[in-house]
Amino acid sequence: MQINEFQEQLGESLTMVDVWAPWCGPCRMVAPAVERLAREYAGRAVVAKLNTEEAQAIAARFNIRSIPTLALFIGGKEVARQAGAFRTAQDIADWTRSHV
């Protein structure tokens, strides 16, 4: 995926991007919570995953320094970022609501 394709996918809606890598243990731990939120927010928000191994240029463009990282975008603009693993889907949902 190219940077411009990624930015187009952000669109105008609320988008949460889970930045991860297959070798990252904390990333795998948070994945079920992110997947749960994707189901719960279907139709109201977009939840996307960005594999830093496959999209190194995009991770560099967005200055990703550690994983897991969650980033919130509204209208294609980043409004919040959290590095490190959340414990539960509720923690992620609360963090998201606090920034929108």
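So, about the sheet that holds strand β1 (residues 14-20). What links the strands of a sheet is backbone hydrogen bonding, and the strands pair in either a parallel or an antiparallel sense. Spatially, β2-β1-β3-β4 is the arrangement adopted by the four strands of the open sheet, whose pairing is mixed. A single partner strand is all that each edge strand has here, and the edge strands are β2 (46-51) and β4 (77-83). Direction aside, neighbouring strands of the sheet carry axes that sit 20 degrees apart on average. Bridge count for strand β3 (residues 69-74) against β4 is six bridges, and the pairing is antiparallel. The partner of leucine 72 across the bridge, within β4, is alanine 80. Packing of helix α2 (residues 25-40) onto the sheet brings it into contact with β1, β2 and β3, and relative to β1 it is tilted by some 160 degrees. Running at roughly 35 degrees to β3, helix α4 (residues 89-97) makes contact with β1, β3 and β4 of the sheet.

On to the packing of aromatic side chains. When we look at a pair of aromatic rings, we describe it by the centre distance and by the angle of the planes. Summed over the entire model, instances satisfying the criterion amount to two aromatic pairs. A ring pair is formed by phenylalanine 62 and phenylalanine 73, whose centres lie 5.6 Å apart and whose planes are at 90 degrees; its orientation type is edge-to-face. Here the residue phenylalanine 62 occupies a position in the loop between α3 (56-61) and β3, and phenylalanine 73 occupies one in strand β3, the gap between them amounting to eleven residues. Just as phenylalanine 62 is buried, phenylalanine 73 falls in that class too. Seen from their ring centres, phenylalanine 86 and tryptophan 95 are 5.6 Å apart, and the 50 degrees between their planes marks the pair as tilted. By relative accessible area, phenylalanine 86 is classed as buried at 17%. Overall, tryptophan 95 belongs to the buried group, its relative accessible area being 10%. The ring of tryptophan 20 carries lysine 49 above its face, with NZ or CZ at 5.2 Å from the centroid. Sitting over the ring of phenylalanine 62, arginine 61 keeps its end group 5.2 Å from the ring centre.

Before going further, it helps to spend a moment on the state of the cysteines. Applying the stated criterion across every chain yields a total of one disulfide. Disulfide pairing is shown between cysteine 24 and cysteine 27; the S-S distance is 2.4 Å. Taking the sign of the S-S torsion, 75 degrees for the link of cysteine 24 and cysteine 27, the bridge is right-handed. Here cysteine 24 matches cysteine 27 in class, with each residue buried.

Conventions adopted
Residues numbered from 1 in each chain as written. Predicted model: local features only at pLDDT ≥ 70, side-chain atom pairs only at ≥ 80, totals over all residues. Heavy atoms only, no water. Pairing = 2+ DSSP bridges. Helix = DSSP H or I, 4+ residues; strand = E, 2+ residues; numbered from the N terminus. Axes fitted to C-alpha atoms, helices over the stretch in contact; angles between N-to-C directions. Contact = heavy atoms within 4.5 Å. Phe/Tyr/Trp six-rings, centres within 6.5 Å; stacked < 30°, edge-to-face > 60°. Buried < 20%, exposed > 50% of the residue type's maximum accessible area, 1.4 Å probe, protein only. Lys NZ or Arg CZ within 6 Å of the ring centre and 35° of its normal. Disulfide = S-S within 2.5 Å.

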